[in-house]
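# Structural description and commentary
So the chains spell out like this:
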Amino acid sequence: MLATRCSCGFERLADEEVNDHLQAIFEPDGSIGTDGRIHLEGAAQVCSCGFSAASKAELDEHFLVVFTPVDVAGRDGKRHQAIQRVTHEKPGTQSSG
Ligand SMILES: [Zn+2]
Ligand SMILES: [Zn+2]
């Protein structure tokens, strides 16, 4: 299930998913994850750490996990956490406001 917004107020866009936003805000210089290892996307959805993903989404998920600090504070000092809607929305309906 994909999150639709971030706790900072970011809303999912047509060309930018919440995961992309989180990755951009958390990705450290040198792509060094919280585990101290370098995580770079390689060919065939394999990370430089050796992690092999079954899909692009799974690889993105991996980057998010390794780059997200414990306090979920981004490089801008704000907290960023994906929020998943609990309410069930019918497909095709848009709530305004
Ligand atoms: Zn990795
Ligand atoms: Zn955010």
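Values in this document were obtained by computation on a predicted structure and should not be read as measured data. (Residues numbered from 1 in each chain as written. Chains lettered and ligands numbered in written order. Predicted model: local features only at pLDDT ≥ 70, side-chain atom pairs only at ≥ 80, totals over all residues.)

A word on the overall build of the chain. Within the chain one finds 2 helices and 2 strands. Written out in order from the N terminus, the α and β elements of the chain read β-α-α-β. The proportion of buried residues among the 97 residues of the chain is 14%. Long-range contacts, defined here as pairs at least 24 residues apart, represent 48% of the contacts in the chain between residues at least 6 apart. (Helix = DSSP H or I, 4+ residues; strand = E, 2+ residues; numbered from the N terminus. Buried ≥ 20, exposed ≤ 12 C-beta atoms within 10 Å, placed from the backbone. Contact = placed C-beta atoms within 7 Å.)

The subject of this paragraph is the nonpolar core. Nonpolar side chains in soluble globular proteins tend to be buried together. Counting 8 residues, the largest nonpolar core is built from Cys6, Val18, Leu22, Phe26, Phe63, Val66, Phe67 and Ala82. At the level of secondary structure, the elements contributing two or more residues to this core comprise helix H1 (18–26) and helix H2 (56–67). In this structure, Cys6 is in contact with Val18, His21, Leu22, His80, Gln81, Ala82 and Ile83, ignoring residues within four places of it in sequence. (Core = buried A, V, L, I, M, F, W, Y, C linked by C-beta atoms within 7 Å.)

Between H1 and H2, the least distance of the axes is 10 Å, while the angle of their chain directions is 40 degrees. Classified by the interaxial angle, the pair formed by H1 and H2 is oblique. For H1 against H2, the interelement crossing comes out left-handed. Across the interface between the two elements, Asn19, Leu22, Gln23 and Phe26 of H1 pack against Asp60, Phe63, Leu64 and Phe67 of H2. Considering only residue class, the contact of H1 with H2 consists of 5 nonpolar, 2 polar and 1 charged. (Axes fitted to C-alpha atoms, helices over the stretch in contact; angles between N-to-C directions. Parallel < 35°, antiparallel > 145°, perpendicular 65-115°, else oblique. Left-handed = near helix turned anticlockwise from the far one by under 90°. Nonpolar A, V, L, I, M, F, W, Y, C, P; charged D, E, K, R; others polar.)

Scored by pLDDT, the chain comes out at a mean of 88, with 86% of its residues at no less than 70. Here strand E2 (residues 82–83) stands out as the least confident element of the chain, with mean pLDDT 90; strand E1 (residues 5–6) is the most confident, with 94. (pLDDT = per-residue confidence, 0-100.)

For the rest of this paragraph, the subject is H1. Listing the buried residues of H1 in full gives Val18, His21, Leu22 and Phe26. Viewed along the axis of H1, the buried residues span an arc of 115 degrees, placing them on a single side of the element. Here the buried face of H1 lies against E1, H2 and E2. (Arc of directions from axis to C-beta.)

A separate point is unusual backbone geometry. For Ala44, which is not glycine, the phi dihedral falls at a positive 55 degrees. Relative to the elements of secondary structure, Ala44 occurs in the loop between H1 and H2. You can call Ala44 exposed: it has 6 C-beta atoms within 10 Å. Backbone geometry at Val72 places phi at a positive 45 degrees, although glycine is not the residue there. Note on placement: Val72 falls in the loop between H2 and E2.

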